[in-house]
Amino acid sequence: MTQNPVPASAEPEGAYLGAPAQYPPSSPSQRGIFGEQGSGDTSGFGGLVRRRPALPETPRPYGGYFDEVVDALEAAFPAFADAIERVVVDRGELTLHITPGRIAQVCQLLRDDPALRFELCSSVSGVDYLGADPRRLHAVYQLTSMTYRRRIRLEAAVTAEDPHLPSVTSVYPTADWQEREAYDMFGIIFDGHPNLTRILMPDDWEGFPQRKDYPLGGVPVEYKGAEIPPPDQRRSYQ
Amino acid sequence: MTSTDSYASARETTEGRVFTVTGGDWDEVLGSGGDPIADERIVVNMGPQHPSTHGVLRLILELEGETVTEARTVVGYLHTGIEKNLEFRNWTQGTTFVTRMDYLSPMFNEAGYCFAVEKLLGIEDSVPSRAQTIRILMMELNRISSHLVWLATTGMELGALSMMIYGFREREYILDIFELASGLRMNHAYIRPGGLAQDLPDEAVTKIREFLSWMPARIDSYEDLLSGSPIWQARTQGVAVLDVQGCLALGVTGPVLRAAGLPWDLRRTMPYAGYEKYDFDVVTSTDADVWGRYQVRVNEMRQSLRIVQQAMDRLEPGPVMVEDRKIAWPAQLALGADGLGNSLGHVAKIMGQSMESLIHHFKLVTEGFRVPPGQVYVPVESPRGELGVHAVSDGGTRPFRVHYREPSFINLQALPALAEGGLLADVIAGGASLDPVMGGCDR
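What you see is a predicted model; the values in this text were computed from it and never measured.

Calculation criteria
- Note on numbering: residues in each chain are counted from 1, in written sequence order.
- Chains carry letters and ligands carry numbers; both start at the beginning, A for chains and 1 for ligands, and go up in the order they are written.
- Local features in this predicted model are restricted to residues of pLDDT 70 or higher, and side-chain atom pairs are both shown and tallied only at a pLDDT of 80 or more, whereas totals for entire chains, interfaces and linings draw on every residue.
- Side-chain numbers here rest on the full set of heavy atoms in the structure, without hydrogens or water.
- Under the DSSP-based scheme used, a helix requires at least four consecutive residues in state H or I and a strand at least two consecutive residues in state E, with every element numbered from the N terminus.
- Each residue gets one of three labels from its accessible area relative to the maximum for its type: buried under 20%, exposed over 50%, partly exposed in between, using a 1.4 Å probe on protein chains only.
- Note on contacts: a residue pair is in contact if any heavy atoms of the two residues lie within 4.5 Å.
- Using the Shrake-Rupley algorithm and a 1.4 Å probe, accessible areas are obtained, with residue cover drawn only from the displayed protein chains.
- Only four residue types enter the charge count: Lys and Arg as positive, Asp and Glu as negative, with His and the chain ends excluded.
- A charge is said to be at NZ when it belongs to Lys, at CZ for Arg, at CG for Asp and at CD for Glu.
- Distance thresholds for patches are 9 Å for like charges and 5 Å for nonpolar side chains (Val, Leu, Ile, Met, Phe, Trp, Tyr), applied to residues having over 30% relative accessible area and no salt bridge.
- By convention in these notes, a salt bridge is any Lys or Arg side-chain nitrogen within 4 Å of a carboxyl oxygen on Asp or Glu.
- Following DSSP output, two strands are said to pair if at least two bridges run between them.
- The convention used is that axes are lines fitted to C-alpha atoms, helices contributing only their stretch in contact, and that angles between N-to-C directions extend from 0 to 180 degrees.
- The term nonpolar core refers to a set of buried residues drawn from Ala, Val, Leu, Ile, Met, Phe, Trp, Tyr and Cys, joined through side-chain atoms within 4.5 Å.
- Stacked, edge-to-face and tilted are the three classes for Phe, Tyr and Trp ring pairs, Trp counted by its six-membered ring, which pair at centre distances within 6.5 Å; planes under 30 degrees apart are stacked, over 60 edge-to-face, the rest tilted.
- Joining two parts hides part of their accessible area as seen by a 1.4 Å probe, and the buried area is that hidden amount summed over both.
- Residues adjacent in sequence count toward polar contacts only when both atoms are side-chain atoms; beyond that, a polar contact is any pair of N or O atoms within 3.5 Å, and within protein one must be able to donate a hydrogen and the other to accept it.
- With respect to orientation, any angle under 35 degrees is reported as roughly parallel, any angle over 145 as roughly antiparallel, any angle of 65 to 115 as roughly perpendicular, and every other angle as oblique.
- When the near helix sits turned anticlockwise from the far one by under a right angle, the crossing is termed left-handed; a clockwise turn instead gives a right-handed crossing.
- The classification used treats Ala, Val, Leu, Ile, Met, Phe, Trp, Tyr, Cys and Pro as nonpolar, Asp, Glu, Lys and Arg as charged, and all other residues, Gly among them, as polar.
- pLDDT expresses, on a scale from 0 to 100, how confident the predictor is about each individual residue.
- Using a grid of 1 Å spacing that covers the protein atoms alone, one calls a set of points a cavity when a 1.4 Å probe fits there but cannot get out, and a pocket when the set is open and has protein on both sides within 12 Å along at least five of seven lines; lining residues are those with an atom within 4 Å of a point.
- Grid points are joined across faces, edges and corners, and a volume is the space filled by probe spheres set on the points.

Undergrad: Can you tell me about the overall build of chain B, naming the residues and giving the values?
TA: Regarding its fold elements, chain B presents 18 helices and twelve strands. Based on the C-alpha atoms only, the size of chain B along its principal axes is roughly 100 × 45 × 45 Å. By residue count, 59% of the 443 residues in chain B fall in the buried class. Within chain B, counting contacts between residues at least 6 apart in sequence, those at least 24 apart form 68% of the total. Carbon and sulfur atoms make up 54% of the accessible area of chain B, which amounts to about 17200 Å² in all. Mean positive and mean negative side-chain charge positions of chain B (39 and 56 charges, respectively) differ by 9 Å.

Right, dumping it as structure tokens:
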């Protein structure tokens, strides 16, 4: 009896290709192409529910030093109501969602106000909330106050069509390379940056690799007669 | 001018004026019209492949004689897309990627990542104390090994070649300890979300105790070797000065900031993982130069030894993984004759005795666990400064986004501030004193 060889190039039947470019289109039900409902199937073949990061908002009081920080910012900043979109307290961390055009002003106050004193900009990074937020590109700033030993996070969201944010390099020179990285990876354009060029990718690279609709790439690998698809095309569990 | 000598005359060519000197006539040539290149700016490419750039770092230096007037740093040659790759693997697999970022401090990469995942899961308090103690033990051993490599490579670059051999020799001993614990010298993936990949074996405990017995004298001997040397002093003292304001503006943290006089050490100022229970000093210096950074790093090794000693005293038998079986990795590795591998007991159980265990193992290993949506930023004090992990979850089994605030990347921004206006030779000393690791910088 001859054994049928494993068809090497055939795709696994019914498998969900996990590449971000192949994510099911954003639909109200956020369900995938198979539309399996409520079966409790966790095999990855059925229950293709797309989980989307929630966008919560926290009411006052925020607890801890968070109220003090927000109060101090409100007192120091006349356009506070206009600049702060949402306040989120989650897992013991405070996030202020800032109107994109105001981010540099807010940083300036956070650094200089004696009641705030966020001297160090620890990190600037980008996150692409494709499908979850119409303003999908978020720039995330982690600020540290060495005087008060506090940390807060600022977040500013822009669309992919108009990805412009004021640069904070004049307030925090350390943001220079980090904004360049966020530009390189997400295509967020920081207006007023002295030298906004690619930093990690080659200068002539096309596209923004960390965006969710940018594929990972990779080649299938043959292992013991079976073909293992590249990581972004393997079955994924949502 | 030796214009009569047809073999050694100055002549105009399309490339410019060509001088021929035959020996003993240098003054004659220069005297004729001054130094022909005196007012010329020279742009020199240092790297990306250069023995003193700690990996693939490229410096574009504009020189006036031996003085650097402008320095530009080009990074990205070692970019491997680890952050992107993490989004296509489950949360546990992430440790095997992040450990490869900064290859001189893999334990810190893993620990930062795991603290972030645990914070997202809300299980920081249920991680067993033995696991936390071993994590601290491993991180401090790693800090020593990282500082040893810094001392070794910087010593080599500044002319103290013996230091290179001694530094790497002792580092190798620490890597042997890591190998006993995790099976690998580097790229350990030893610290996992929820605990550790496996318990610390008794051989490793013995080896650490042995290490503690002779290492303090070795650190003294490094200081004996270097500190009194007039060459070492001349190459480090007053070189590449960066004060506290400069450090804060440029975001420089770690030994460089502490060498400028600010006692900012996250282990003390914003304690994590139980560091508040350990007794150690935050080492500072007020020199703010390469010498100060050398002093801080050497003394930090001594403080790390104190922490390792205390962690050894606190080691008590117990689990090294969280109780929750929905998160805890089901298999522990076992030490065999040919190194670490599958635990045969575990394989026998899932393949021969318990169908439920097999299903559980399969589900957790192939699918992974889900992490509730949200984002966290977890900083740890790595040998190079604040290593921050910004992790975002969308509620799935894979990270939605993980970003590393790499101290090498941030600190390298200070290189022009250190180098410009100084001598070319001090670029090497100044750059080395930042301790950049390009694997971490470029990720």
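Let us keep going from here.
Undergrad: Please provide a residue-by-residue account of a nonpolar patch on the surface, values included.
TA: Residues Val219, Val221, Tyr223 and Ile228 of chain A make up a contiguous nonpolar surface patch of roughly 400 Å² in combined accessible area. With respect to the helices and strands, the residue valine 219 of chain A is situated in the loop between strand 7 (189-191) and strand 8 (221-223).

Undergrad: Can you tell me about the sheet that holds strand 11 (residues 385-393) of chain B, naming the residues and giving the values?
TA: Residue and element names in this part refer to chain B. A sheet is described by the order of its strands in space; here three strands give the open sequence 10-11-12, paired in antiparallel fashion. If you trace the sheet from one side to the other, it starts and ends with strand 10 (374-382) and strand 12 (401-405), each paired once. Averaged over all pairs of adjacent strands, the angle between strand axes in this sheet comes to 15°, irrespective of strand direction. Relative to strand 11, strand 10 runs antiparallel, the two sharing nine bridges. Bridge assignment links valine 376 to a residue of strand 11, and that residue is alanine 391. Across the sheet, helix 4 (residues 106-121) touches strand 10, strand 11 and strand 12, and the angle it forms with strand 10 is around 150°.

Undergrad: I'd love a proper account of the nonpolar core, names of residues and values included.
TA: The biggest cluster of nonpolar side chains holds 170 residues, and the ones touching the most others in it are Tyr141 and Leu154 of chain A together with Val75, Tyr190, Leu200 and Phe211 of chain B. A per-element tally of this core places helix 5 (residues 129-157) of chain B first, with eleven residues. Not counting residues up to four positions away in its chain, the partners in contact with phenylalanine 211 of chain B are Leu141, Ile144, Tyr173, Ile174, Ile177 and Leu305 of chain B. In terms of nonpolar packing, the next biggest core, distinct from the first, is built from five residues, Val127, Tyr129 and Val140 of chain A together with Phe400 of chain B among them.

Undergrad: Talk me through the packing of aromatic side chains; I want residue IDs and the actual numbers.
TA: Residues and elements named next belong to chain B. Evaluated as defined, the whole model comprises 13 aromatic pairs over all chains. Ring geometry for tryptophan 232 and tyrosine 294: centres 5.2 Å apart, planes at 70°, overall edge-to-face. Here tryptophan 232, found in helix 8 (residues 230-236), pairs with tyrosine 294, found in helix 12 (residues 290-314); they are 62 residues apart in sequence, far enough to count as distant. By relative accessible area, which is 2% here, tryptophan 232 ends up buried. Among the aromatic residues, ring-to-ring pairing joins Phe115, Tyr272, Tyr275, Tyr278 and Phe280 into one connected group.

Undergrad: How would you sum up the interface of chain A and chain B? Please name residues and give values.
TA: Counting residues at the interface gives 56 residues for chain A and 53 residues for chain B. The junction of chain A with chain B conceals about 4600 Å² of combined surface from both sides, 55% of it contributed by carbon and sulfur atoms. Counting across the chain A and chain B interface gives four salt bridges. A salt bridge links glutamate 181 of chain A to arginine 443 of chain B; its shortest N-O distance comes to 3.1 Å. The tally of links from chain A across to chain B stands at 23 residue pairs in polar contact (both at pLDDT 80 or more). Mapped by element, the contributors of at least two residues to the side of chain A that touches chain B are strand 2 (93-98), strand 3 (120-128), strand 4 (137-145), strand 5 (150-158) and helix 4 (175-186) of chain A. The element contributing the most residues to the side of chain A that touches chain B is strand 3 of chain A, with eight residues.

Undergrad: Which residues make up the packing of helix 6 (residues 161-182) of chain B against helix 7 (residues 202-226) of chain B, and what are the values?
TA: Residue and element names in this part refer to chain B. Between helix 6 and helix 7, the least distance of the axes is 11 Å, while the angle of their chain directions is 165°. For the element pair helix 6 / helix 7, the angle class is roughly antiparallel. Of the two elements, helix 6 crosses helix 7, and the hand of that crossing is left-handed. Facing helix 6, whose interface residues are Ser162, Met163, Tyr166, Arg169, Glu170, Tyr173, Ile174, Asp176, Ile177 and Leu180, helix 7 presents Glu203, Ala204, Lys207, Ile208, Glu210, Phe211, Trp214, Met215, Arg218, Tyr222, Leu225 and Leu226. Residues that form the contact of helix 6 with helix 7 fall into these classes: 14 nonpolar, one polar and seven charged.

Undergrad: Help me get a handle on the packing of helix 5 of chain B against helix 17 (residues 424-433) of chain B, residues and values and all.
TA: Residue and element names in this part refer to chain B. At a closest axis distance of 10 Å, the pairing of helix 5 and helix 17 adopts a crossing angle of 180°. Classified by the angle their axes make, helix 5 and helix 17 are roughly antiparallel. Contacts between helix 5 and helix 17 involve Trp150, Thr154 and Glu157 on the former and, on the latter, Ile428, Ala432 and Ser433. Its residues assigned to classes, the contact of helix 5 with helix 17 shows three nonpolar, two polar and one charged.

Undergrad: An account of the side chain of glutamate 110 of chain B is needed here, citing residue identities and associated values.
TA: All names here are of chain B. Here glutamate 110 lies in helix 4. One buried charged residue, glutamate 110, remains without a salt bridge, the closest side chain of opposite sign being arginine 192 at 6.8 Å. Residues in contact with glutamate 110, not counting those within four places in the same chain, are Thr95, Val98, Thr99, His188, Ala189, Tyr190 and Ile191.

Undergrad: Which residues make up the confidence of the model for chain B, and what are the values?
TA: Within chain B, residue pLDDT values average 86, and 93% of them lie at 70 or more. Here the predicted complex scores 0.84 on pTM and 0.82 on ipTM.

Undergrad: So what about the environment of tryptophan 177 of chain A? Which residues, and what values?
TA: Turning to its location among the elements, tryptophan 177 of chain A is positioned in helix 4. Overall, the relative accessible area of 6% leaves tryptophan 177 of chain A in the buried class. Separated by 23 residues in the primary sequence, tryptophan 177 of chain A and leucine 200 of chain A have C-alpha atoms spaced 9.8 Å apart. Here tryptophan 177 of chain A is in contact with Ile199 of chain A together with Thr73, Val75, Phe409, Leu412 and Gln413 of chain B, once residues within four sequence places are set aside.

Undergrad: Can you lay out helix 17 of chain B for me, pointing to particular residues and giving the numbers?
TA: Residue and element names in this part refer to chain B. Across the ten residues of helix 17, seven count as buried, placing the element largely inside the fold. Taken as a whole, helix 17 has its buried residues at Val427, Ile428, Ala429, Gly430, Gly431, Ala432 and Ser433. Positive phi shows up at aspartate 435, right after helix 17, with a value of about 55°.

Undergrad: Any chance you could break down empty space enclosed by the protein for me, citing the residues and the numbers?
TA: All names here are of chain B. Inspection of the entire model under this criterion finds seven cavities of 30 Å³ or more. Reported here for the second largest cavity is a volume of approximately 60 Å³. Met46, Ser52, Thr53, His54, Leu57, Leu59, Val427, Ile428, Gly431, Ala432 and Pro436 together form the lining of the second largest cavity. Sort the elements by how many residues they give to the lining of the second largest cavity and helix 17 lands first, with four residues. Of the residues belonging to the lining of the second largest cavity, the class tally is seven nonpolar, four polar and no charged.

Undergrad: Explain the confidence of the model for chain A to me, using residue names and the numbers behind them.
TA: Residues and elements named next belong to chain A. In the predicted model, chain A carries a mean pLDDT of 78, and 76% of its residues have values of at least 70. Mean pLDDT per element in chain A: helix 2 (residues 80-83) is the minimum at 82, and strand 4 is the maximum at 93. In this model residues 1-40 is a low-confidence stretch, pLDDT under 50, and it forms 58 contacts with partners more than four residues away in sequence or in other chains.

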